[in-house]
Amino acid sequence: MSELTAGITPARSERIKTRMPCQRSAPSPSRAKRISVAVACLCATTVASRADYLISPGDVIEVEVVSIPELKARRVVGTDGEVSLPLAGQVKIGGLSIDAARTHIQQVLPTREFRRRTVDGREYPVVLSPTEIGVSVAEYRPVYVNGDVAKPGAQSYQPGLTVRQSISLAGGFDVLRFKMDNPFLQLADLRETYNKTWIAYAEGQQRLARIEAELKNTTKIDTKGLIETPVAPSLTSEIAASEGRILQARLDDLAKQKVFLNDARTKEGDRARVLSEQEKREKEGTKSDSDELKNLQDLYGRGTVPVTRINETRRNVLLSATRALQTTALLASVEREKANLDRSLQKADDDHNLDLLKLRQDTVVRIAGLRSQLQAVSEKLRYTGMVKSQLARGFDSDPAVSVFRKTPSGDRKIEAGYDTELMPGDVVEIALQLGELPDKETGPSGSRSER
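Residues numbered from 1 in each chain as written. Predicted model: local features only at pLDDT ≥ 70, side-chain atom pairs only at ≥ 80, totals over all residues. Heavy atoms only, no water.

**Q** So, the overall build of the protein chain: which residues are in play, and what are the values?
**A** When its secondary structure is counted, the protein chain shows seven helices and 14 strands. Per-residue burial for the protein chain yields a buried fraction of 34% across its 451 residues. The long-range fraction of contacts in the protein chain, counting pairs at least 24 apart against all pairs at least 6 apart in sequence, stands at 68%. Surface exposure of the protein chain reaches about 26600 Å², of which carbon and sulfur atoms provide 52%. (Helix = DSSP H or I, 4+ residues; strand = E, 2+ residues; numbered from the N terminus. Buried < 20%, exposed > 50% of the residue type's maximum accessible area, 1.4 Å probe, protein only. Contact = heavy atoms within 4.5 Å. Areas by Shrake-Rupley, 256 points an atom, 1.4 Å probe, with all protein chains shown as cover.)

**Q** Can you break down the nonpolar core residue by residue, with the values?
**A** Counting 43 residues, the largest nonpolar core has Ile61, Val63, Ile93, Ile105, Leu109, Val428 and Ile430 as the members making the most contacts within it. Ranked by residues supplied to this core, first place goes to helix α3 (residues 98–108) with four residues. Residue contacts for Leu109: discarding those within four places in its chain leaves Val63, Pro86, Leu87, Ala88, Leu128 and Ile133. Leu190, Ala202, Leu374 and Val377 belong to the second-largest nonpolar core, a separate cluster that totals 14 residues. (Core = buried A, V, L, I, M, F, W, Y, C linked by side-chain atoms within 4.5 Å.)

**Q** Talk me through the pattern of salt bridges; I want residue IDs and the actual numbers.
**A** As enumerated under the stated definition, the model contains 25 salt bridges in all. The shortest N-O distance in the salt bridge between Lys283 and Glu279 comes to 3.6 Å. Here Glu279 and Lys283 lie together in helix α6 (residues 233–302), a separation of four residues that amounts to about one turn. The exposure class of Lys283 is partly exposed, given its relative accessible area of 48%. A salt bridge links Glu415 to Lys413; the shortest N-O distance between them is 3.7 Å. Classification of Glu415 as exposed rests on a relative accessible area of 59%. Residues joined in a network through salt bridges with shared partners are Arg210, Glu214, Glu243 and Arg250. (Salt bridge = Lys/Arg side-chain N within 4 Å of Asp/Glu carboxyl O.)

**Q** A description of the environment of Ser136 should follow, citing residues and the corresponding values.
**A** Of note, Ser136 is situated in strand β7 (residues 133–139). Considering only alpha carbons, one finds Ser136 and Glu64, 72 residues apart in sequence, at a separation of 8.8 Å.

**Q** Which residues make up the packing of aromatic side chains, and what are the values?
**A** Describing an aromatic ring pair means giving the distance of the ring centres and the angle of the ring planes. Under the counting rule described, the total for this entry stands at three aromatic pairs. Ring geometry for Tyr53 and Tyr140: centres 5.4 Å apart, planes at 70°, overall edge-to-face. Of this pair, Tyr53 sits in the loop between α2 (29–45) and β1 (60–65) while Tyr140 is found in the loop between β7 and β8 (143–147), placing the two residues 87 residues apart along the sequence. With a centroid separation of 5.6 Å and an interplanar angle of 85°, the aromatic rings of Trp198 and Tyr201 are classed as edge-to-face. (Phe/Tyr/Trp six-rings, centres within 6.5 Å; stacked < 30°, edge-to-face > 60°.)

**Q** Go over the sheet that holds strand β12 (residues 427–431), please, and point to the residues and values.
**A** Hydrogen bonds between backbone groups are what pair the strands of a sheet, and the pairing can be parallel or antiparallel. With mixed pairing, five strands are arranged side by side in an open sheet as β9-β8-β12-β10-β11. At either end of the open sheet lies a strand with only one pairing partner, and these are β9 (153–155) and β11 (410–416). Within this sheet the neighbouring strands show an average axis-to-axis angle of 25°, counted without direction. With three bridges joining them, β8 and β9 adopt antiparallel strand pairing. Bridge pairing links Val145 to Gly153 in β9. (Pairing = 2+ DSSP bridges. Axes fitted to C-alpha atoms, helices over the stretch in contact; angles between N-to-C directions.)

**Q** Quick rundown of the pairing of strand β10 (residues 400–407)? Include the residues and the values.
**A** Looking at chain direction, β10 and β12 are connected through five bridges and run antiparallel. Looking across to β12, one finds that Val401 is bridged to Ile430. Bridging between β10 and β11 involves seven bridges; their strand directions are antiparallel. What sits directly across from Phe404, in β11, is Lys413. Connecting β10 to the next strand, β11, in antiparallel fashion are two residues.

**Q** Can you break down the pairing of strand β2 (residues 68–76) residue by residue, with the values?
**A** Along any regular strand the residues' side chains alternate between the sheet's two faces. Sheet topology places β1 next to β2; five bridges connect them, and they run antiparallel. Residue Val65 lies in a different strand from β2, and its bridge partner there is Ile68. Between β1 and the antiparallel strand that follows it, β2, lie two residues.

See the structure below:
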């Protein structure tokens, strides 16, 4: 019961009915005619629905009583299939057709009592007639469009909506919505990347061949095993010549370094031989001085040699011994330097080879990365070129349209076309039919390279 009838006791209701015996009788012919015309116009202006459509959660139902505007209500059907209506409360209409829902509500509302208030404040009951009650679907559940369209998402449903109209509402086809940028601009960038990658690949091959030649200590670079690239022959020749000059310069530098070390080693050897001879003489002089000192000491014991002579000889012995020790120390230092030069000479070759092996590994890895990058860029270039071509001339076939619809028996997939009529809640998938990708792509020199 509505708030208009709140506080009205049964006894008071009976008194009101007694005082107003003519409060609600059968409508006069003229009034009934007006009501029928109004209901007909109302039904004609509401959104027409298909006969087989069943009301589902999410639909918006509008109920209107012609003679009582305050009973007009617009309600969303809940997940339980019920709507809350004035006087009637919760009414379950989910799963019913529009006609069945209208009949059900027209049966429920007249059983409820509605009270109106007169100018002087008195209330009187009004009995509703089924012919006054209009029920329609004000808003259907939206249709969802996804795929190769410019504006995917929900669309308001209108009876008779077709796939063609839905695509138009979604902004038309758009294969670039999430797959790539403008192909006309991206194609130029991809071609630049493609050409630069091939040039880097050709340079990497030449560098690897030069490293192999340098490891073998030869000035001849073997290019027989190199993969043919679409780089311009003039540029390939320039890269090869540059790598040849680098090889020659590195080998010359290594040779000069080894010559320098060999010269230093030879000089240290010569110094060692001189010092060795000098050490021998110093030791002989020290021995001679020692023998002389011994003889003088014997003579001094006999009294034939003065003590000053012995002291002078002793000083000579000390000086000879000191010079011999210094020569021995210097000879040891020269021998150490000569050994260091021998090690440096060997280390020059070892370091050179180690640097080359590391450079070779880095070059091999870089070539592998360039090969992978070439494959990826080639795929993008071919696909972008194909999309650009198809965008320029149009698509060769109609798009694939799939409609997913919920039915009482479960979800159903429908293979649809442009003129297929949609139902509320349908999900439409649009997929453009792209042509086959080409097998080859043009390289930077104008030749065609395999994928």
